[in-house]
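A look at the structure
Below are the chains, spelled out letter by letter.
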Amino acid sequence: MSHAAGTAFGPLGSGPVGVGIIGAGVISKQYLDNLTSFPDVRVVAIGDLFEDAAAARAAEYGIANHGGVDAVLGNPDVEIVINLTIPAAHVEVATQAVNAGKHVWSEKPFSLDRESGRGLLKAADAAGVRLGCAPDTFLGAGLQTARRMIERGDIGTPLTALTLMQSPGPESWHPNPAFLFQDGAGPLFDIGPYYLTTLVQTFGSVRRVAAFGSKSRETRVIGSGPKAGEEFAVTVPTHVSSILEFEGGESGQSIFSFDSPFKRAGFVEITGSDATIALPDPNNFDGDIRICALGSDDWTTVPSIGSTASRGAGVLEMARAIREGRPHRAQGELAFHILDTMASISESIDTRAFVDVESSAAKVPALPEDWDPTAATLSA
């Protein structure tokens, strides 16, 4: 049985899939805005260590059941637990949900280290439940359209990739940014999954990496919100330059930086034998594609086709897959491979040597162009 397979992909139940959220922080609002508009899922519970936060979100979205973590894990109507806790708690909370017999969707990263990630995969396999994980942006219209173009040969044979994400860092706008500069975050673990997932879905699994990392300063200052002016420690590299070798021999270069006064996000170019394609921001679900043919200096813009539903789309796709008895797309193995790749990049920074990536993740099928999150496809 696949670690992501859960019930060996046999259909489970009927009607809309009940979901419960653990973690009522900032990101929960984006999920709830969407999940409460998808007819194929029902948000039946929300829990948080701070029960007042769960109560406030429940009141905002009309969720009947709220409280601590047990309000979700102990609810028999919850089939998928959506794990929106801080990165350091992802595996602990996901394991609790697995042990309660629930499928789990986690925010990225999947885990902070390989050992705990492998343990979670094994636990889910043994329990017969599925694991899904962000990012689900690769299911959006922008990246799906680009993928279809690549797969039908619009750029010839894909050969190389270049991705760039540069910014001064999130401390100027995030009200509680310290965790974004500590273990499990930094630009590599916080932003890297969007870009690396996109590349893996294009080229296949990463086989080897080399990287260099640096920090521009040891502390930073919160720039907004109630904690404005507070200083916090920076414990991870805030600039990462990496080289990736994929299973087919293709290569990529990626920069992830919180040290640049100049902001440049969403830069993803894939060069093929016949053309170069510029993808939309992998942190978004929409955006146009540009393509430049061999021998030309002119770029042609191609509009994206498909769903632009944002965070929560992966949960919905997973829910429908459970009902239909098929593999879902944002699988646990994919998220673990991205984690393994980032851990290998971190090791390369420390050792200044190439590091092999042992895990693999299969490319999943592209979504149909007419995939519609707002459609009711699951009969009661």
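The structure displayed is predicted, hence computed values, not measured ones.

**Things to note about the packing of helix α7 (residues 186-203) against helix α9 (residues 332-351)**
With their axes 10 Å apart at the nearest point, α7 and α9 run at an angle of 120 degrees to one another. Between α7 and α9, the interaxial angle falls into the category oblique. Here the hand of the crossing between α7 and α9 comes out right-handed. Here L188, F189, G192, P193, L196, T197, V200 and Q201 of α7 come into contact with α9, specifically with L334, H337, I338, L339, T341, M342, A343, I345 and S346. Residues of the contact of α7 with α9, tallied by class, amount to 11 nonpolar, six polar and no charged.

**Points about the confidence of the model for the protein chain**
One rule of thumb: low pLDDT means the predicted coordinates there are not for detailed reading. Per-residue confidence for the protein chain averages 94 on the pLDDT scale, and 97% of its residues sit at or above 70. In this model residues 1-8 is a low-confidence stretch, pLDDT under 50, and it forms 25 contacts with partners more than four residues away in sequence or in other chains.

**Remarks on the packing of aromatic side chains**
Within the structure shown, the criterion is met by five aromatic pairs. Ring centres of F110 and F336 lie 6.5 Å apart, and the angle between their planes is 80 degrees; on these two criteria the pair is classed as edge-to-face. With F110 in the loop between β5 (103-106) and α5 (114-127) and F336 in helix α9, this residue pair connects regions lying 226 residues apart in the sequence. A residue is classified by how much of its surface remains accessible, and F336, at 6% relative accessible area, is buried. With a centroid separation of 4.8 Å and 25 degrees between ring planes, the pair formed by F203 and F246 is classed as stacked.

**Description of the sheet that holds strand β3 (residues 65-67)**
Ordered by their spatial adjacency, six strands build an open sheet running β3-β2-β1-β4-β5-β6, and the pairing between neighbours is parallel. Among the strands making up the open sheet, the edge pair consists of β3 and β6 (131-133). Direction aside, the axes of adjacent strands within the sheet are offset by 25 degrees on average. The pairing of strand β1 (residues 17-22) with strand β2 (residues 41-47) spans six bridges and is classified as parallel.

**Details of the pattern of salt bridges**
Taken as a whole and judged by the stated rule, the model has 19 salt bridges. When the shortest N-O distance is used, the salt bridge between K108 and D190 registers 2.9 Å. On the criterion of sequence distance, the pair formed by K108 in the loop between β5 and α5 and D190 in helix α7 is long-range, its members being 82 residues apart. The pair formed by K108 and D190 is uniform in burial state, with each residue classed as buried.

**Examining the pairing of strand β8 (residues 206-214)**
Examined bridge by bridge, β8 and strand β11 (residues 239-246) share eight bridges and lie antiparallel to one another. Considered in β11, the bridge of A211 is made with S242. Of the strand pairs in this sheet, β8 and strand β17 (residues 355-356) are connected by two bridges, and their pairing is antiparallel. Its bridge partner lying in β17, V209 is registered against V355.

**Focus on the environment of G249**
Mapping G249 onto the fold places it in the loop between β11 and β12 (251-257). Along the backbone, G249 and V206 are 43 residues apart, and their C-alpha atoms lie at a distance of 9.5 Å.

**Points about the packing of helix α1 (residues 26-35) against helix α2 (residues 51-61)**
The interhelical angle for the contact between α1 and α2, taken along N-to-C directions, is 25 degrees, at an axis separation of 12 Å. Here α1 is positioned roughly parallel relative to α2, judged by the angle of their axes. The chirality of how α1 crosses α2 is right-handed. In this structure, α1 uses V26, S28, K29, L32 and D33 to contact α2, whose residues at the interface are R57, E60 and Y61. When the residues that make up the contact of α1 with α2 are grouped by side-chain class, the tally is three nonpolar, one polar and four charged.

**Observations concerning the sheet that holds β11**
Hydrogen bonds between backbone groups are what pair the strands of a sheet, and the pairing can be parallel or antiparallel. Taken in spatial order, the nine strands line up as β16-β15-β14-β13-β7-β12-β11-β8-β17 in an open sheet, and their pairing is mixed. Because the sheet does not close on itself, it has two edges, and the strands there are β16 (300-302) and β17. Across three bridges, the pairing between strand β15 (residues 289-293) and β16 is antiparallel. Bridge pairing links I289 to V302 in β16.

Cut-offs and rules
Residues numbered from 1 in each chain as written. Predicted model: local features only at pLDDT ≥ 70, side-chain atom pairs only at ≥ 80, totals over all residues. Heavy atoms only, no water. Axes fitted to C-alpha atoms, helices over the stretch in contact; angles between N-to-C directions. Helix = DSSP H or I, 4+ residues; strand = E, 2+ residues; numbered from the N terminus. Parallel < 35°, antiparallel > 145°, perpendicular 65-115°, else oblique. Left-handed = near helix turned anticlockwise from the far one by under 90°. Contact = heavy atoms within 4.5 Å. Nonpolar A, V, L, I, M, F, W, Y, C, P; charged D, E, K, R; others polar. pLDDT = per-residue confidence, 0-100. Phe/Tyr/Trp six-rings, centres within 6.5 Å; stacked < 30°, edge-to-face > 60°. Buried < 20%, exposed > 50% of the residue type's maximum accessible area, 1.4 Å probe, protein only. Pairing = 2+ DSSP bridges. Salt bridge = Lys/Arg side-chain N within 4 Å of Asp/Glu carboxyl O.

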